[in-house]
Amino acid sequence: MASSTAVSDSPGEDSAKLVVILGESGVGKTCLLDQFVHGKHFANYDPTAGLPVKSLEVDGKTWNLRLIDLDSTLLREGDNQPEFRVDFFINTLRDADGIIFLYDITSRISLNELGLEAYPIVVTTRTRPENDYERPIRAYGRLLVGNKADLANEKREVSKEEGEEAASMLGMDHLELDTSDTEAINDMMKALVRRILVAERKRKHDGFE
Ligand SMILES: Nc1nc2c(ncn2[C@@H]2O[C@H](COP(=O)(O)OP(=O)(O)O)[C@@H](O)[C@H]2O)c(=O)[nH]1
Ligand SMILES: [Mg+2]
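None of the values given here were measured: they were computed from a predicted structure.

## A short note on the overall build of the protein
Here is step 1 of the chain: Helix and strand counts for the protein stand at 7 helices and 7 strands.
Here is step 2 of the chain: Moving toward the C terminus, one meets the helices and strands of the protein in the order β-α-β-β-β-α-α-β-α-β-α-α-β-α.
Here is step 3 of the chain: When each of the 209 residues of the protein is scored for burial, the buried share is 33%.
Here is step 4 of the chain: Counted over contacts in the protein with a minimum sequence separation of 6, partners at least 24 positions apart contribute 73%.

As C-alpha cells, this is what we get:
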C-alpha cells in the first residue's frame, strides 16, 4: 500500500485492500457492489476516502475491502460528462490491489471492450514509465467475471467457453454469477483476495509482478 493516494491505512494496515469493479455501463457493477457491501451484515463507510468498506474473512484472516466501481464506457464518452475525472480514474486503477473485470454474458460488446480497451489501460497505468525507477510497480490480483448468469437460457451472447478463453488470454481466472447471489459474490471476492496474495508474494519473491 506504500504509494497509495486513494487509500489511507489506519487500523489493520496490511489488511486493507482497494478493490475496483471495472466494466462497461450496464453490466451490473453497482448492483454487484451494493449486494456485496449491503447484502450482508457488516458494511460501513471509510470517512477518509468515502468508499464503502466491507470485512471479509478468507482462510482465517479478516480483510477490509474498500470498494469502488469504475465505468469503462466513460473512458470513451467521458468528454461529454463534466463530472468525469480521468485522473481519478487512472490513479484508482493504478492504486488498486484487486480488479474485477466485469462483463455481461448477454452482451458480447461488454466483453470485447474489456479486452480491447479496459485491460490495456490497466496494463499501461501499472507499467513503470521508461526511466522512472522511483515509481514502484505494485502487484495486483484480477478476475474476469461474467454477470447476469440468470439470463443464460434466454439471452446469452457469450458462451462460458468464450469467457474462459478470454480470461486465459488475459491471464485471469474466470467465473459467472448473477448479482442476486450473495454467496457467489462472496466466493468471488474470496477468490480475488487469494489472487491478490499470490500476486503480492510473487512480486516480493521476484522483485517484479
Ligand atoms: N438479470 C440481471 N440483471 C442484472 C444483474 N445485475 C444487474 N442487473 C441489471 O442491469 C442493469 C444495470 O445494473 P447496474 O448495476 O446499474 O450496472 P452498472 O452500470 O455497471 O453499474 C440494472 O437494470 C440491473 O437491475 C443480474 O445479475 N441479472
Ligand atoms: Mg453503476
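Now that the structure has been shown, we can carry on.
## Looking at the environment of K148
Here is step 1 of the chain: Topologically, K148 is positioned in the loop between β6 (141–147) and α5 (152–155).
Here is step 2 of the chain: For K148, a count of 22 C-beta atoms within 10 Å puts it in the buried group.
Here is step 3 of the chain: The spacing of K148 and L177 is 29 residues in sequence and 6.3 Å in space, taken between C-alpha atoms.
Here is step 4 of the chain: Setting aside chain neighbours within four positions, we find K148 in contact with G28, D104, I105, T106 and D178.

## Examining the nonpolar core
Here is step 1 of the chain: Counting residues in each nonpolar core, the largest one holds 44 residues, and the members touching the most others are I100, F101 and L102.
Here is step 2 of the chain: With residues near it in sequence (within four places) discarded, L102 still touches I21, L22, G23, V27, G28, K29, L32, V145 and N147.

## A short note on the site of ligand 1
Here is step 1 of the chain: Near ligand 1 there are 15 residues, and of these G28, K29, T30, C31 and D178 occur at the shortest range.
Here is step 2 of the chain: Per-element tally for the shell around ligand 1: the top contributor is helix α1 (residues 29–38), with 3 residues.

## As for unusual backbone geometry
Here is step 1 of the chain: You will see that D59, though not glycine, has its phi angle at about 50°, which is positive.
Here is step 2 of the chain: If you trace the backbone, D59 turns up in the loop between β3 (52–58) and β4 (61–71).
Here is step 3 of the chain: A positive phi angle, near 70°, is found at K148, a position not held by glycine.

## Here's the deal with the pairing of β4
Here is step 1 of the chain: Of the strand pairs in this sheet, strand β1 (residues 16–23) and β4 are connected by 8 bridges, and their pairing is parallel. Among the inter-strand pairings, V19 is bridged to a residue of β4, identified as L67.
Here is step 2 of the chain: In this structure, β3 lies alongside β4, joined through 6 bridges in antiparallel fashion. The residue of β4 that forms the bridge with V58 is K61.
Here is step 3 of the chain: The turn joining β3 and β4, which pair antiparallel and follow one another in sequence, is formed by 2 residues; a positive phi near 50° is taken by D59.

## Topic: the packing of α1 against helix α7 (residues 182–206)
Here is step 1 of the chain: Axis separation between α1 and α7 bottoms out at 10 Å; the angle between their running directions is 90°. With respect to their mutual orientation, α1 and α7 come out roughly perpendicular. Residue-level inspection shows L32, Q35 and F36 of α1 in contact with α7, the latter providing T182, I185 and M189.
Here is step 2 of the chain: For the contact of α1 with α7, the residue count by class is 4 nonpolar, 2 polar and no charged.

## Considering helix α3 (residues 86–95)
Here is step 1 of the chain: Where α3 is concerned, the buried positions are F89, T92 and L93. Projected onto a plane normal to the axis of α3, the buried residues spread over an arc of 100° and lie on a single side.
Here is step 2 of the chain: In the core, the buried residues of α3 are packed alongside β1, β4 and α4 (108–125).

## A closer look at the confidence of the model for the protein
Here is step 1 of the chain: Put simply, the protein has an average pLDDT of 85, and 82% of its residues get 70 or more.
Here is step 2 of the chain: A low-confidence stretch, residues 1–13 (pLDDT under 50), is modelled with 23 contacts involving residues beyond four sequence positions or located in other chains.

## Focus on the packing of α3 against α4
Axes are the key here: two packed helices are described by the angle between their axes and the distance separating the axes.
Here is step 1 of the chain: Direction vectors running N to C along α3 and α4 enclose 75°, while the axes themselves pass 9 Å from each other. By the angle between their axes, α3 is roughly perpendicular relative to α4. On the side of α3, the interface is formed by I90, L93 and R94, while α4 contributes I121, V122 and T125.
Here is step 2 of the chain: In the contact of α3 with α4, the residues fall into 4 nonpolar, 1 polar and 1 charged.

Criteria and thresholds
- What you see as residue numbers is a count from 1 along each chain, following the sequence as written.
- Think of it this way: whatever chain is written first is A, whatever ligand is written first is 1, and the rest follow in order.
- With pLDDT at 70 or above as the cut-off, local features in this predicted model cover only qualifying residues; side-chain atom pairs require 80 or more to be listed or tallied, and sums for whole chains, interfaces and linings still use all residues.
- Helical segments are the DSSP runs of H or I of at least four residues, strand segments are the runs of E of at least two, and each set is numbered from the N terminus.
- Neighbour density around each residue's C-beta defines its exposure: 20 or more other C-beta atoms within 10 Å make it buried, 12 or fewer make it exposed, and counts between make it partly exposed, where C-beta atoms are placed from the backbone.
- C-beta atoms are first placed from the backbone for all residues, and any pair lying within 7 Å is then listed as a contact.
- Take the buried Ala, Val, Leu, Ile, Met, Phe, Trp, Tyr and Cys residues, join any whose C-beta atoms are within 7 Å, and the set you get is a nonpolar core.
- Each residue gets a C-beta atom placed from its backbone. If that atom is within 6 Å of a molecule or strand, the residue is near it.
- When DSSP finds at least two bridges between two strands, those strands are taken to pair.
- Fitted lines through C-alpha atoms give the axes, limited to the stretch in contact for helices. The angle between two N-to-C directions lies from 0 to 180 degrees.
- Here the word oblique covers every angle except those under 35 degrees (roughly parallel), over 145 (roughly antiparallel) and from 65 to 115 (roughly perpendicular).
- Three classes are used, and their members are as follows: Ala, Val, Leu, Ile, Met, Phe, Trp, Tyr, Cys and Pro are nonpolar, Asp, Glu, Lys and Arg are charged, and the others, Gly among them, are polar.
- As used here, the arc is the angular range of directions from the helix axis to the C-beta atoms.
- Values of pLDDT, the confidence the predictor places in each residue, fall between 0 and 100.

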